[in-house]
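Residue-level structural notes
As a plain string of letters, each chain reads:
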2 protein chains.
Amino acid sequence: MIETPYLLFLGDAPDPLAAKVAQGIRDWRPEFAVGQFRMEGCKADMGLPDMTLEEAKAAGAKTLVVGVANRGGVISPEWKKVLVGALEEGFDLASGLHNLLRDEEDLAAVARATGRTLHDVRVPSVRYPIADGKRRKGKRCLAVGTDCSVGKMYTALAMENVMRERAMKATFRATGQTGILITGEGVPLDAVIADFMAGSIEWLTPDNDPDHWDLIEGQGSLFHVSYSGVTMALIHGGQPDALILCHEPTREHMRGLPDYSLPSLETLRDLALQVAHVANPDCKVVGVSVNTAAMDDAAADAYLREIEGRLGLPAVDPFRHGAGPLVDALETV
Amino acid sequence: MIETPYLLFLGDAPDPLAAKVAQGIRDWRPEFAVGQFRMEGCKADMGLPDMTLEEAKAAGAKTLVVGVANRGGVISPEWKKVLVGALEEGFDLASGLHNLLRDEEDLAAVARATGRTLHDVRVPSVRYPIADGKRRKGKRCLAVGTDCSVGKMYTALAMENVMRERAMKATFRATGQTGILITGEGVPLDAVIADFMAGSIEWLTPDNDPDHWDLIEGQGSLFHVSYSGVTMALIHGGQPDALILCHEPTREHMRGLPDYSLPSLETLRDLALQVAHVANPDCKVVGVSVNTAAMDDAAADAYLREIEGRLGLPAVDPFRHGAGPLVDALETV
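First, a word on scope: everything that follows refers to the structure included in this document. (Residues numbered from 1 in each chain as written. Chains lettered and ligands numbered in written order. Predicted model: local features only at pLDDT ≥ 70, side-chain atom pairs only at ≥ 80, totals over all residues. Heavy atoms only, no water.)

**Considering the overall build of chain A**
Helix and strand content of chain A: 12 helices and 11 strands. A compact globule built from 333 residues would reach a C-alpha radius of gyration of about 20 Å, and chain A, at 20 Å, matches this within 12%. With respect to the three principal axes, the spread of C-alpha positions in chain A is 55 × 45 × 45 Å. When the 333 residues of chain A are sorted by exposure, 59% land in the buried category. If you take every contact in chain A between residues at least 6 apart in sequence, the share linking residues at least 24 apart comes to 76%. Counting every atom, chain A has about 13,100 Å² of accessible surface; 51% of that belongs to carbon and sulfur. Each charge sign in chain A was given a centre, from 33 positive and 47 negative side chains, and these centres are 4 Å apart. (Helix = DSSP H or I, 4+ residues; strand = E, 2+ residues; numbered from the N terminus. Rg over C-alpha atoms; globule rule 2.2 N^0.38 Å. Buried < 20%, exposed > 50% of the residue type's maximum accessible area, 1.4 Å probe, protein only. Contact = heavy atoms within 4.5 Å. Areas by Shrake-Rupley, 256 points an atom, 1.4 Å probe, with all protein chains shown as cover. Lys, Arg positive; Asp, Glu negative; His and termini not counted. Charge placed at Lys NZ, Arg CZ, Asp CG, Glu CD.)

This is how it looks when you write it as C-alpha cells:
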C-alpha cells in the first residue's frame, strides 16, 4: 500500500500523453494529488500547483509518484537528482516504469539510508495463494473487452465515481500499474506467476458486505492470444456477478496482432458468460461500454442505439455520457 | 537443456509413488536412464542397475536427476551428502523440487567450485517473448482435460511413442516439471510470468517441417478456476491443429475444488474448440483419451464405446489399449 497523498512527478514529459499515469490520478483520485513537480521542458500540466519538494512536504505529500513514462526506458541523471532529493526530503517513491527504482543502485542506497520505501508497482510484493474457488460474500463487477486497451479501466473508475455519488458501497480494484498508482494498491496481474493469477484476484476481492461492489479492472481479452490467459484468470478468480462488455468500434484488428480481427460483442458476450458461469452460475452481462472517441456525436449515438437494439443492454460511452446507465443496470443484479 | 544420460536418484523414497519422476523417465526415455542410486530404506525400484556415483560416471551418465519427491519439502542432510558427492564427481544436478537446489548454499558453492550446473526445472531459465500470434509451420497437437491430472502428459507421451514407431516426425513438448525432467527440456509454464505464458509456448513449438507434429503437454483445464488461465495461454500460444480431450470418468469433483463438478466431454469439446479457433481456425478435435484406471475391463470398454457413439470420435485409454487410434486420427488432419 502506497502512502497518500502524492506529489506527481511529471519530469520532462515530451507531451501530455506521456503523463497518463499522472492524468489518471488527477482525474480519479484528485484528493491524492497535492501538487505537481515539473522539470525544465515539461510539456504536461495537470493544472495542479507547481511545488518544490519542500513545498510538497509542507503540504503533506507522503509519496512522489513517477507520473510520466521515461524516454528510452532509462531513468535519466536529471530525474535521478529529483528522485534522490525526494528520498532525502522524506518521500517514498512509487513508479510503474519497466526500469525498476530498486535496480538503480543509488536510489536503493539512499532509500536504505533514509528508511524510505521504493514502490515498483510492476513487481508483485505479495505471496499470492492458489485460487480455491470458494464463493465470497459481496458483489463483483468485471469489465471484459473485445480487445486490449478499449477502456476497461476507465469504465470501472467511471462506474465507481457514479456509485460513490449515489452512496453505494463500491471499490475499484486495480489489476494494472496505472490503476495501482491511481488508487495506491492492487495486483500487477501481468507480472504474477501463472499458477497464482486467479488466486491473486481472489486475494484482491475478498469477502465484503452483501451490498458492496468490487469494480475489478479488466486486463487483456479472451480473444487476444497474447494475454487471454490473464483475462481467463481474472474471470475465474474474480467470480463476477456482473460483466460489462467493452469495445472500440473503429479498430481494424486486435491490438498488436494485424492478422486477428475483433470478435463481435455477441461473441464476446457468449464466451465471457460461459467462462464466468464456471465460477459463478449467477453471473449476468449487464451493459456495454463503448469507446466512441473516434466518432462524432451523431455517429456515436447511432452506434450506441444500434448496440442497445442488438444486445438488449444499456450501451454508453462513459467518457461522453457518464457511467450512470451502467450503474443503473448493476442495481438490478 | 539438461545433459543426458541420467543417473536417477531415488533417495530414501518412502513408497514407489514418491519416485514418479524417475518412473516417468524410465517409462518414456529409458535410453536416458543408465542406472539408479538408492539410499538405505528406499522403497522404490526402477529395475535399473544400482550404481555408485563412480560407476554411473564410468557408464557415461552426465546428470544426476532427483527422481523422487523429498519429505517435508526440505533437502535432508543424507541427500546432501549424495548431491555434493555427485557434483564433486562431475555430474550436473537436475530437480523439480519446490526446495530449489540453487537456494542451498552448500550445493551452490560446490557447483560454482566444480563448474557444474544446477538445473531447477521449476524456475524458467529463458526470457520468453510476448506472443505474436503468427501462424507457424508444422503441426501441433494439444491434450486438453475436463480437469487437472487426468492423463494429459501420459497421453502425449504415449502418442509420441506410437508416432516414432511409425516413423512419423513427432516431438513431445514438455510444459511441466516432470515432463521437462523426462525429456531434458521444456517450459515450466506454471512458473512463467503471466504476460509471457502464451509467448513461452510459441517459443517452445517453433516453425518445423510441414509433416512434423509437436505433441504439447497440456496443463490445468479451462474449467479449473485455479489454473484455467494457464490452459488458455497454452491453447492460444500453441495454436494447435488437433485437440485430444482427456477425462477421468469416476472423479466426483474438480481436483481440489469440492464445490465444482466436472464438465461433460461435449462441453469441453465446444469450449476448447471455440477458444482454439481464435488462434487457428482449422483446429479440430480428433479423439478422446480416458483414464479408466478405476474401472474393470468390461466397464472401461463399455464406457469408451459409449463415448465413441456420443462424440463420433475414437476413444481409448492409452495406458490400457495404446495410443494407436489417437495417432490414426492425427494422420487424417
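**Things to note about the packing of helix α8 (residues 228-238) of chain A against helix α8 (residues 228-238) of chain B**
Running from N to C, α8 of chain A and α8 of chain B cross one another at 155°; their axes reach a closest spacing of 7 Å. Relative to α8 of chain B, the element α8 of chain A is oriented roughly antiparallel. Every pair of crossing elements has a handedness; the one defined by α8 of chain A and α8 of chain B is right-handed. Between α8 of chain A and α8 of chain B, the contacting residues are S228, G229, M232, A233 and H236 of chain A on the first element and S228, G229, M232, A233 and H236 of chain B on the second. A class-by-class count of the residues in the contact of α8 of chain A with α8 of chain B yields four nonpolar, six polar and no charged. (Axes fitted to C-alpha atoms, helices over the stretch in contact; angles between N-to-C directions. Parallel < 35°, antiparallel > 145°, perpendicular 65-115°, else oblique. Left-handed = near helix turned anticlockwise from the far one by under 90°. Nonpolar A, V, L, I, M, F, W, Y, C, P; charged D, E, K, R; others polar.)

**Quick word on the side chain of R173 of chain B**
Residue and element names in this part refer to chain B. Residue placement: R173 occurs in strand β7 (residues 169-173). Classification of R173 by relative accessible area gives buried; the value is 14%. In this structure the side chain of R173 is engaged in a polar contact, spanning 2.6 Å, whose partner is the side chain of D214. Here R173 is in contact with L204, T205, P206, N208, H212, D214, L215, I216 and E217, once residues within four sequence places are set aside. (Polar contact = N/O pair within 3.5 Å; in protein donor to acceptor, adjacent residues only side chain to side chain.)

**Section: unusual backbone geometry**
Omega for the peptide link from T4 of chain A to P5 of chain A comes to 0°, which places this bond in the cis form. Even without glycine at this site, S149 of chain A takes up a positive phi of about 50°. In this fold, S149 of chain A is placed in the loop between β6 (139-145) and α5 (152-165). Residue classification places S149 of chain A among the partly exposed positions, given a relative accessible area of 43%. Of note, the phi angle at A167 of chain B is positive, near 60°, even though the residue is not glycine. Relative to the helices and strands, A167 of chain B is located in the loop between α5 (152-165) and β7.

**Considering the side chain of N99 of chain B**
Residue and element names in this part refer to chain B. Residue placement: N99 occurs in the loop between β4 (92-95) and α4 (105-114). In this structure the side chain of N99 is engaged in a polar contact, spanning 2.8 Å, whose partner is the backbone nitrogen of I75. A polar side-chain atom of N99 sits 3.1 Å from a polar atom in the side chain of E104. N99 has contacts with N70, G73, V74, I75 and E104, leaving out every residue within four places of it along the chain.

**Section: the sheet that holds strand β9 (residues 242-247) of chain A**
Residue and element names in this part refer to chain A. Within the open sheet, the six strands sit side by side as β7-β8-β6-β9-β10-β11. Their pairing is parallel. One side of each edge strand has no neighbouring strand; the edge strands of this open sheet are β7 (169-173) and β11 (315-316). The pairing of β7 with strand β8 (residues 212-216) spans five bridges and is parallel. What sits directly across from R173, in β8, is I216. Along the sheet, α5 makes contact with β6, β7, β8, β9 and β10 (284-290), crossing β7 at roughly 160°. (Pairing = 2+ DSSP bridges.)

**Considering the pattern of salt bridges**
Residues and elements named next belong to chain A. Per the counting criterion, the structure on display carries 44 salt bridges over all chains. For R102, the salt bridge is made with D120, and the minimal N-O distance between the two is 3.1 Å. One end of the pair, R102, is in the loop between β4 (92-95) and α4 (105-114); the other, D120, is in strand β5 (residues 118-120), and 18 residues separate them in sequence. Taking relative accessible area as the criterion, R102 reaches 40% and is therefore assigned partly exposed. With a relative accessible area of 4%, D120 lands in the buried category. Put simply, D211 and K169 hold a salt bridge, and the shortest N to O gap is 3.0 Å. Within this pair, whereas D211 is found in the loop between α7 (197-204) and β8, its partner K169 is found in strand β7, the two being separated by 42 residues in sequence. Classification of K169 as partly exposed rests on a relative accessible area of 36%. (Salt bridge = Lys/Arg side-chain N within 4 Å of Asp/Glu carboxyl O.)

**Observations regarding the sheet that holds strand β5 (residues 118-120) of chain B**
Residue and element names in this part refer to chain B. The strand order β2-β1-β3-β4-β5 describes an open sheet built from five strands, whose pairing is parallel. Both outer strands of the open sheet, β2 (33-38) and β5, are each paired with one neighbouring strand and no more. Across this sheet, the average inter-strand angle for adjacent strands is 20°, counted without regard to direction. Running over the sheet, helix α1 (residues 20-28) touches β1 (6-11), β2 and β3 (63-66) and is turned about 150° from β1. Sitting on the sheet, helix α3 (residues 77-89) is in contact with β1, β2, β3, β4 and β5, with an inclination near 155° to β3.

**Here we look at the packing of aromatic side chains**
Describing an aromatic ring pair means giving the distance of the ring centres and the angle of the ring planes. Residue and element names in this part refer to chain A. A complete count under the given rule lists 12 aromatic pairs over all chains for this structure. With 5.7 Å between their ring centres and 70° between their planes, Y6 and F32 make a pair best called edge-to-face. A residue pair is termed long-range when its members are at least 10 positions apart, and Y6 in strand β1 (residues 6-11) and F32 in the loop between α1 (20-28) and β2 (33-38) qualify at 26 residues. Ring centres of W28 and Y154 lie 5.0 Å apart, and the angle between their planes is 80°; this geometry places the pair in the edge-to-face category. Taken together, the positions of W28 in helix α1 and Y154 in helix α5 put the pair 126 residues apart, joining distant regions of the chain. Aromatic ring contacts, followed pair by pair, group F9, F37 and W79 into a single cluster. Over the ring of F91 we find K57, and its NZ or CZ is 5.2 Å from the ring centre. (Phe/Tyr/Trp six-rings, centres within 6.5 Å; stacked < 30°, edge-to-face > 60°. Lys NZ or Arg CZ within 6 Å of the ring centre and 35° of its normal.)

**A look at α3 of chain B**
Every α-helix carries 3.6 residues per turn, so stepping three or four residues along brings you back to the same face. Residue and element names in this part refer to chain B. Taking 1.5 Å per residue, 13 residues should reach 18 Å; α3 reaches 18 Å between its end C-alpha atoms and fits that length. Within α3, the full set of buried residues consists of W79, K80, V82, L83, A86 and L87. In an axial view of α3, the angular spread of the buried residues amounts to 170°, which keeps them on one side of the axis. Structural note: α3 exposes P77, K81 and E88 on the side pointing more than 90 degrees away from its buried face. (Expected span 1.5 Å × (residues − 1). Arc of directions from axis to C-beta.)

**Details of the nonpolar core**
In this structure, V288 of chain A together with V288 of chain B are the most contacted members of the largest nonpolar core, which totals 94 residues. Those residues in contact with V288 of chain A that sit more than four places away from it in its chain are I244, L245, L265, I307, L311, L313, P314, A315, V316 and L326 of chain A. (Core = buried A, V, L, I, M, F, W, Y, C linked by side-chain atoms within 4.5 Å.)

**Some words on the interface of chain A and chain B**
On the chain B side, the residues contacting the 33 residues of chain A number 33 residues. Carbon and sulfur atoms supply 60% of the area that chain A and chain B bury against each other, a total of about 2,800 Å² over both sides. The interface formed by chain A and chain B contains zero salt bridges. Summed over the shared surface of chain A and chain B, the number is 10 residue pairs in polar contact (both at pLDDT 80 or more). The set of elements that each furnish at least two residues to the side of chain A that touches chain B consists of α7, α8 and α9 (265-279) of chain A. Per-class residue counts for the side of chain A that touches chain B are 22 nonpolar, eight polar and three charged. (Buried area = accessible area lost by both parts, 1.4 Å probe.)

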